[in-house]
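Spelled out from the first residue to the last, the chains are:
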Amino acid sequence: MISAAQGPVRGRTWWTRGAAALFAALLAAVTVASPALAQDDPAPADGPGGVVIVGVPGLTWSDITPSETPTLWDLAGAGASASMSVRTIGSWTCAEAGWASLGAGERAGGAAPRDAQCMAQSRIPSPVSRGGEWAVPHFDALAEANAAYNYGARLGALAEAVAGLAAEQEAAAEAAAAAGEEPVEVRDGLCVAGIGAGAALAAADPDGQLAFWGSGLDDLPDAMAACDIVIVDPGVIVGDDAAIDADTTTDYDALGQDDADVPTDEAGEPGEEAEPDPVRVAAAAEADAAVTDVAAALPERWRLMVAGIADSAAPSSLHPLIYTGYGIEPGSLSSATTGREGYVQLVDLAPTALDVVGADVPAAMSGRPATVDPDPDHTSAAAVADGVDETRASAAVDEVGWKFYGTLAVAGIGAVAAAVWLLTGTDRWRRAARTVCLAVSAIPVAGVAAGIPPWWRAGHPEVAFWLIIAAGVAVLTAAAWLPGLRAGRRGALMIAVVTALLIAIDQFIGATWPLHTPLGYTAQVGARFAGLGNYAFAVFAAAVILIIAFTPWRGRARYIGPVAIGVAATVVIGAPTFGSDVGGTLTIVAALVLTCLSLWGRRLSIGALALAAGCAAGVFALAGILDYLRPEADQTHLGRFVGAVLEGSAGSVLLRKADAAISSIGTPLTYLVVAAVIGGWLIWRRRSPVRSAATEAAVVGLLAVAVIGFAVNDSGVAVPGFAIATGFGLLAVSVGPRPETAGETETAAAAASARSEP
């Protein structure tokens, strides 16, 4: 082990090391943004004539059957489909918030209290006539309610964008006529019409005014003749249950924070088959009849979207989106907001409608147009089966998630105590303490591996999940005690390498595994569908820091190895085709620079912190600008954030993320962080600081991941929590007990053995 007291290798200064770190960071930035800039595809000359969006709150994939909903069943096979997250404000989305979000192209909330059965937000008043024009009566209250949220939703952005396109075309036509140039074609029907009370919320402009409104499907032909975008509320909510007692009094989190202790539906545990409720079946059949009428009236060259735009009750669920009609091939849907085939978000509906009429997506919308991935083998049965499976997986993860976090927090506190004993205690229970440290550090990587088999399809999904976790932990812990790995830091390095490799491999093959585990985001949450989530990032970053710090480098490899691993890790975390993690990129670059400087003999100082911050900012700026220059549909979170900065809307994004980070304090992982702070203090007091470059590098790197990760990620305390769960025990095992204590123990053991001989 190289001691910091030995100083740096002769002929090298911390400036050369800093330059090497900066070069590594810049190289990583170039690699992060390496995908070639593509050109927008030219729009087809003969585009669709218009689109009708039918919204059915509460509709799920399991409601679509060939016998009860034949039209929806046929459309699912004839067009493209996806599972849609309707997450807006809070843990479930009621009808009023769903319709408002559709018209905003951004997450919006309702004005009425959000009760567990969505009763209050389902009572949407019809528009009123004012001077011969229709207007939404409570639109001002709805806009005021959304001002309390940090999503920056501009209600009515859909209608505003279409009206803006109409004004641009008219102005261009007038300018061409005045200049004597060729006439500029002005598209007729550039407006948004609403049919039904809920649709009025989505079709209204920012002032609550409606270009066209009809109370029922009898007005549909006139609406399609007047406007090229028609939104239909058939007046059906799928989800009423004869056994449910109405709850109209409880608003669990008016400001959109996570909800707890809400009643579940009658479907039972995830994976458990339930008898169809006759009330729900009747509602789905009624919605299907309305869709049948709309499809029959659809003009030539028009398109139809059918979407389950909201939940009917808590908890939330995924909902179907079916897109069919002119130019839509059978297959699956995706969007730039999900980056994953077969998944879209509610906020993508408005941009998709704008794409139909050729309008640009305004900055106020976070959604992006849905794209079709053709599949010649796409059938109704396959579409529905995939949707049901995706919904079941998401619900199963949501069910086990809070138990996993609680278990990890308790086990992590135990690992902290074991680490304190291992580093400062007597020989008694030392083997047990080492085993606990290794086992708990293996829980996060076992959580990632749990997403490989489809555990949610088991008869008892939760039992299957925990059996996979237990098996993964047992295998890794046993491997760390094998003869070749039990000595010194080898067992800890083995677990760190397995952790980093497994997450890296997952990123290379499409980032599938954590999506179906608590280490990722459930699809129904809608925060992240592809790339590297904050939890998995914290685990990966901690493992990489330990690998760099405790690998026994020799000679020039001491410089080349950490830089190579750091560049590779940065690419895995930040590249648009891999992790695409904005906060993770900032965190890992700064942490890697500080780790390498410590490993190379440079003490932590203001200059070192400035260098780390500069490298992180350089990577972020360069990668962000290059990503922003790519086509909008291909941009990742990084490019979209740069766009938000340029458009002046980044403030609301940062406020929202800061609020989410602060609100995470008090969750189970908070207690693990507190325990780690206390444990670190006890180790520092009872054992003099270990003057080892490797140990100092590991401590500095892990602290940087925890502190910076908390500051720049909206997962807040979960980032240091997962980093501690992975790194604290492995760090303790790598450092080991005091050398003099270990020597005394061996001497005593030898003496005892000698006395026992005859």
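Right above here is the structure, for reference.
Residues numbered from 1 in each chain as written. Predicted model: local features only at pLDDT ≥ 70, side-chain atom pairs only at ≥ 80, totals over all residues. Heavy atoms only, no water.

Undergrad: Describe the overall build of the protein, listing the residues and the values that go with them.
TA: Helix and strand content of the protein: 23 helices and 13 strands. Accessible area of the protein: about 31000 Å², with a carbon and sulfur share of 60%. (Helix = DSSP H or I, 4+ residues; strand = E, 2+ residues; numbered from the N terminus. Areas by Shrake-Rupley, 256 points an atom, 1.4 Å probe, with all protein chains shown as cover.)

Undergrad: Help me get a handle on helix α10 (residues 380-424), residues and values and all.
TA: Owing to its 3.6 residues per turn, the α-helix brings residues three or four apart onto one side. Over its 45 residues, α10 runs 63 Å from end to end, which matches the ideal 66 Å to within 8%, given 1.5 Å per residue. When the local axis directions of α10 are compared, the greatest deviation, roughly 35°, occurs at Val400. (Expected span 1.5 Å × (residues − 1). Bend = angle between axes of the 7 residues up to and from the residue.)

Undergrad: Residues and numbers for the state of the cysteines, please.
TA: With the rule as written, the count across this model stands at two disulfides. For Cys191, the disulfide goes to Cys227, at an S-S distance of 1.9 Å. Between Cys191 and Cys227 the sulfur-sulfur dihedral comes to about -105°; the bridge is accordingly left-handed. Highlighted residues: Cys191 in the loop between α5 (157-178) and β5 (192-195) and Cys227 in the loop between α7 (220-226) and β8 (229-232), separated in sequence by 36 residues. By sequence order of its bonded cysteines, the protein has the disulfide arrangement 1-2, 3-4. (Disulfide = S-S within 2.5 Å.)

Undergrad: Requested: an account of the pairing of strand β10 (residues 318-325), with residues and values cited.
TA: Looking along a regular strand, one sees the side chains alternate between the two faces of the sheet. For β10, the buried fraction is high: seven of the eight residues fall into the buried class. One ladder, built from six bridges, connects strand β2 (residues 80-85) with β10; its direction is antiparallel. Paired with Ala82 across the two strands is Leu321, which belongs to β10. Here strand β9 (residues 302-307) runs beside β10; their pairing, made up of five bridges, is antiparallel. Bridge pairing in β10 links Arg303 to Gly325. (Buried < 20%, exposed > 50% of the residue type's maximum accessible area, 1.4 Å probe, protein only. Pairing = 2+ DSSP bridges.)

Undergrad: Describe the layout of surface pockets, naming the residues involved and giving the relevant values.
TA: There is about 1100 Å³ of room inside the second largest pocket. In terms of lining residues, the second largest pocket is bounded by 38 residues, among which Gly680, Val699, Val700, Leu703 and Leu731 are the most central. If you list the elements that add at least two residues to the lining of the second largest pocket, you get α10, α16 (582-599), α20 (668-686), α21 (693-712) and α22 (718-735). Per-element tally for the lining of the second largest pocket: the top contributor is α21, with 10 residues. Across the lining of the second largest pocket, the residue classes tally to 28 nonpolar, five polar and five charged. (1 Å grid on protein atoms, 1.4 Å probe; cavity = no way out; pocket = protein on both sides within 12 Å on 5 of 7 lines; lining within 4 Å. Points joined across faces, edges and corners; volume = space filled by probe spheres on them. Nonpolar A, V, L, I, M, F, W, Y, C, P; charged D, E, K, R; others polar.)

Undergrad: Any details on the environment of Val128? Residues and values, ideally.
TA: Along the chain, Val128 falls in strand β3 (residues 128-130). Put simply, Val128 and Trp213 are 85 residues apart on the chain and 10.0 Å apart in space, counted from C-alpha to C-alpha. Ignoring any residue separated from it by four or fewer positions in sequence, one finds Val128 in contact with Glu133, Trp134, Ala135 and Pro137. (Contact = heavy atoms within 4.5 Å.)

Undergrad: Hey, could you go over the side chain of Asp288 for me, with residue numbers and the actual values?
TA: Inspection of the secondary structure puts Asp288 in helix α8 (residues 278-297). Aside from chain neighbours lying at most four places away, what touches Asp288 is Glu68, Thr69, Pro70, Thr71 and Leu72.

Undergrad: Go over the sheet that holds β3 with me, naming the residues and quoting the values.
TA: Ordered in space as β3-β4-β6, the three strands form an open sheet in which the pairing is antiparallel. Of all strands in the sheet, those bounded by a partner on one side alone are β3 and β6 (209-210). Alignment of strand β4 (residues 133-135) against β6, held across two bridges, turns out to be antiparallel. Paired with Trp134 across the bridge in β6 is Leu210.

Undergrad: Account for the environment of Asp389, naming residues and giving values.
TA: The residue Asp389 is located in helix α10 in this model. Sequence-wise, Asp389 and Trp456 are 67 residues apart; in three dimensions their C-alpha atoms are separated by 8.6 Å. Leave out the neighbours within four places in its chain, and Asp389 touches Trp456 and Arg457. Separated by 3.1 Å, the side chains of Asp389 and Trp456 make a polar contact. (Polar contact = N/O pair within 3.5 Å; in protein donor to acceptor, adjacent residues only side chain to side chain.)

Undergrad: Explain the nonpolar core residue by residue, including any values.
TA: Among the nonpolar cores identified, the biggest contains 115 residues, and Phe404, Trp455, Phe540, Leu546, Phe550 and Phe722 are the most heavily contacted of them. With 16 residues, the top contributor of residues to this core is helix α14 (residues 534-550). The residues touching Trp455, leaving out its near neighbours within four places in the chain, are Ala396, Val397, Val400, Ala450, Pro461, Ala464, Phe465, Ile468 and His516. The next biggest cluster of nonpolar side chains, apart from the first, holds 58 residues, and it includes Leu102, Leu165, Ala307 and Leu333. (Core = buried A, V, L, I, M, F, W, Y, C linked by side-chain atoms within 4.5 Å.)

Undergrad: Talk me through the pattern of salt bridges; I want residue IDs and the actual numbers.
TA: By the definition in use, this model includes seven salt bridges. Linking Lys403 and Glu462 is a salt bridge whose minimum nitrogen-to-oxygen distance equals 2.8 Å. Note that Lys403 is positioned in helix α10 and Glu462 in helix α12 (residues 461-479), a separation of 59 residues in sequence. Linking Arg430 and Asp427 is a salt bridge whose minimum nitrogen-to-oxygen distance equals 3.7 Å. Judged by relative accessible area, Asp427 falls into the partly exposed class, the value being 41%. (Salt bridge = Lys/Arg side-chain N within 4 Å of Asp/Glu carboxyl O.)

Undergrad: I'd like a description of empty space enclosed by the protein, backed by residues and values.
TA: What the rule picks out here adds up to three cavities of 30 Å³ or more. Lining of the second largest cavity is provided by 14 residues; of these, Pro514, Leu515, Gly520, Phe529 and Gly531 occupy positions nearest its centre. Classifying every residue of the lining of the second largest cavity gives seven nonpolar, four polar and three charged.

Undergrad: Break down helix α9 (residues 349-357) for me, with residues and values.
TA: Buried residues dominate α9, accounting for eight of its nine residues. Listing the buried residues of α9 in full gives Leu349, Ala350, Pro351, Thr352, Ala353, Leu354, Val356 and Val357. Backbone geometry just downstream of α9 places Gly358 in the positive-phi region, at approximately 85°.

Undergrad: Run through the packing of α20 against α22, naming residues and quoting values.
TA: Geometrically, a packed helix pair is captured by the angle between its two axes and the distance between the axes. Running from N to C, α20 and α22 point in directions that differ by 50°, and their axes come no closer than 8 Å. Considered as vectors, α20 and α22 are oriented oblique to each other. Pair α20 / α22 crosses with left-handed handedness. Across from Leu669, Leu672, Val673, Ala676, Gly679, Gly680 and Ile683 in α20, the residues of α22 making contact are Ala718, Pro720, Gly721, Phe722, Ile724, Ala725 and Phe728. (Axes fitted to C-alpha atoms, helices over the stretch in contact; angles between N-to-C directions. Parallel < 35°, antiparallel > 145°, perpendicular 65-115°, else oblique. Left-handed = near helix turned anticlockwise from the far one by under 90°.)

Undergrad: I'd like to hear about a nonpolar patch on the surface, residue by residue, with values.
TA: Among the surface-exposed residues, Val497, Leu501, Ile505, Phe508 and Ile509 lie close enough to one another that they form a single nonpolar patch of about 470 Å² accessible area. One can find Val497 in helix α13 (residues 490-508). Here Val497 falls in the partly exposed class, since its relative accessible area comes to 33%. (Patch = residues over 30% accessible without salt bridge, like charges linked within 9 Å, V, L, I, M, F, W, Y side chains within 5 Å.)

Undergrad: I'd like a description of the packing of helix α11 (residues 430-449) against α22, backed by residues and values.
TA: α22 packs onto α11 with a crossing angle of 150° between their chain directions and a minimal axis gap of 8 Å. Classified by the angle between their axes, α11 and α22 sit roughly antiparallel to one another. Of the two elements, α11 crosses α22, and the hand of that crossing is left-handed. Residues Arg434, Cys437, Leu438, Val440, Ser441 and Pro444 of α11 pack against Ala725, Thr726, Gly729, Leu730 and Val733 of α22. In terms of residue class, the contact of α11 with α22 is made up of seven nonpolar, three polar and one charged.

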